[in-house]
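Report on the structure
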Amino acid sequence: MFTGIIEKVGKIKKINKLSKGAEITIEAGNLLDDVKIGDSIAVNGVCLTVTSMSGTLFTADVMAETLRRSSLGELSSGDGVNLERAMSLQGRFGGHIVSGHIDGTGVIENFEKEDNAVWVSIKADSSILRLIVEKGSIAIDGISLTVAYVDKERFKVSVIPHTGEETTLLKKKRGAVVNLENDIIGKYVERLLFTGGNVKGGQPDRAENLEKNKSFAELLSGNGFI
C-alpha cells in the first residue's frame, strides 16, 4: 500500500524488453537505504517488486498485463520516474490510499498557470471518469492529487509548486500518457452498489443488479453522496 506522496524522482537506467514483458532497472539513490529484495516500490504509480539491487540501482520485472495497462512500456533510458516505497506504519499518511494497481491511462491535454499553481487537464476514458468526483482523490503517475474539476471527457487538478518540483508531472508535455488509479473506496462502492458483487463472464453485471439497488442509490443520491 502507498500514499501517493512521492519520495524521489528516479531515472531509468535500462529496459530489457522480453517477448511480452520487460525487466526494468532504475537509479533510485538513497531511497534504497532500507529496501530489500522482495519489497514493493511504486514506479509512476505502478507497484513493482524489487528483484535485485546493486548500489543505488534496483531491478524489477514488469509483466505483459502491466505493460498493457500502464505507460511503463513507453519509458526509455534516461526518463525520470516518480518513486515511492510501500508505506510504513511509523510514517504519516499524507496522501490517500493508493494500491499501485493502475486502472488505466489518461492523456495530458493542457497546462495552465494560475498564480503559483498550475492546472493540469487530463483526458480519460469513461471507465475512469465515472469514478472521479470533484474534491476527491486520484493518483496520477503515483502522485496523490485532489480533483478540482471533472466532466464527461476530462478532469483537472491544480498542482502546487512543491509537487511540481518534486515529481515529473509538470515536466511532461501535452499529449503525454500518464497512469491513473481511482480512489479504491469508489471502486468498491460502485461494485457493491451497482452490481451487488455479481459477476458474469468475468465482468460485473451492472444491469441485472441496478434495479434491486435502485432505492439505495436514490437514497445516496438524494443526500449528495453520488
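To be clear, the structure that these remarks concern was listed above.
This report concerns the structure included in the present document. None of the values given here were measured: they were computed from a predicted structure.

Describing the overall build of the chain
Across its full length, the chain holds six helices and 14 strands. Residues classed as buried in the chain amount to 40% of the 226 residues present. Of all intrachain contacts in the chain linking residues separated by at least 6 positions in sequence, the fraction that spans at least 24 positions is 64%. Accessible surface, the chain: about 12500 Å² in total, of which carbon and sulfur atoms supply 51%.

Describing the side chain of Thr25
Within the secondary structure, Thr25 is located in strand β2 (residues 22–27). Since its relative accessible area comes to 9%, Thr25 is described here as buried. In this structure, Thr25 is in contact with Lys11, Ile12, Lys13, Lys14, Leu57, Phe58 and Thr59, ignoring residues within four places of it in sequence.

Looking at the sheet that holds strand β3 (residues 40–43)
Strand order in this closed barrel of six strands is β1-β2-β5-β4-β3-β6, and the pairing throughout is antiparallel. The mean inter-strand angle of the sheet, taken between neighbouring strand axes irrespective of direction, is 45°. Relative to strand β5 (residues 57–62), strand β4 (residues 46–54) runs antiparallel, the two sharing four bridges. Within the sheet, the bridge partner assigned to Ser54 lies in β5 and is Leu57.

Remarks on the nonpolar core
In terms of nonpolar packing, the biggest core is built from 21 residues, with Val120, Ile140, Phe155, Leu169 and Leu180 touching the most fellow members. When contributions to this core are tallied by element, the ones reaching two or more residues are β8 (117–124), α2 (126–129), β9 (137–140), β10 (143–150), β11 (154–159) and β12 (177–182). Among the elements that line this core, the one with the most residues is β8, at four residues. Setting aside anything within four residues of it in sequence, one finds Ile140 in contact with Ile122, Leu145, Phe155, Val157, Leu169, Val178, Asn179 and Leu180. The next biggest cluster of nonpolar side chains, apart from the first, holds 20 residues, and it includes Ile24, Ile26, Leu75 and Ile102.

Topic: the pattern of salt bridges
For the coordinates displayed, the defined rule picks out 10 salt bridges. Residues Lys172 and Asp141 are paired through a salt bridge, measuring 3.4 Å at the closest nitrogen-oxygen approach. Pair noted here: Lys172 is in the loop between α3 (161–166) and β12 and Asp141 is in the loop between β9 and β10, with a separation of 31 residues, a long-range link. The class for Asp141 is buried, based on a relative accessible area of 1%. In this structure, Asp151 and Arg154 form a salt bridge, with 3.3 Å as the shortest nitrogen-oxygen distance. Overall, the relative accessible area of 19% leaves Arg154 in the buried class. In the salt-bridge network here, residues are joined through shared partners; they are Glu109, Asp151, Glu153 and Arg154.

Thoughts on the sheet that holds β12
A barrel is described by the order of its strands in space; here six strands give the closed sequence β7-β8-β11-β10-β9-β12, paired in antiparallel fashion. The average undirected angle you get between the axes of adjacent strands in this sheet is 45°. Where strand β7 (residues 104–114) lies against β12, four bridges are found, and the strand directions are antiparallel. Considered in β12, the bridge of Thr105 is made with Asn179.

Quick word on the packing of aromatic side chains
Under the definition given, this model contains zero aromatic pairs. Sitting above the plane of the Tyr149 ring, Lys156 keeps its charged end 5.1 Å from the centroid.

Notes on the side chain of Ser70
By the element assignment, Ser70 lies in the loop between α1 (64–69) and β6 (80–85). Its relative accessible area of 9% is what places Ser70 among the buried residues. Separated by 2.7 Å, the side chain of Ser70 and the backbone oxygen of Thr66 make a polar contact. Only 3.3 Å separates the side chain of Ser70 from the backbone nitrogen of Leu72, close enough to count as a polar contact. The residues touching Ser70, leaving out its near neighbours within four places in the chain, are Val46, Ile102, Thr105 and Asn179.

Definitions and cut-offs
- Residues numbered from 1 in each chain as written.
- Predicted model: local features only at pLDDT ≥ 70, side-chain atom pairs only at ≥ 80, totals over all residues.
- Heavy atoms only, no water.
- Helix = DSSP H or I, 4+ residues; strand = E, 2+ residues; numbered from the N terminus.
- Buried < 20%, exposed > 50% of the residue type's maximum accessible area, 1.4 Å probe, protein only.
- Contact = heavy atoms within 4.5 Å.
- Areas by Shrake-Rupley, 256 points an atom, 1.4 Å probe, with all protein chains shown as cover.
- Pairing = 2+ DSSP bridges.
- Axes fitted to C-alpha atoms, helices over the stretch in contact; angles between N-to-C directions.
- Core = buried A, V, L, I, M, F, W, Y, C linked by side-chain atoms within 4.5 Å.
- Salt bridge = Lys/Arg side-chain N within 4 Å of Asp/Glu carboxyl O.
- Phe/Tyr/Trp six-rings, centres within 6.5 Å; stacked < 30°, edge-to-face > 60°.
- Lys NZ or Arg CZ within 6 Å of the ring centre and 35° of its normal.
- Polar contact = N/O pair within 3.5 Å; in protein donor to acceptor, adjacent residues only side chain to side chain.

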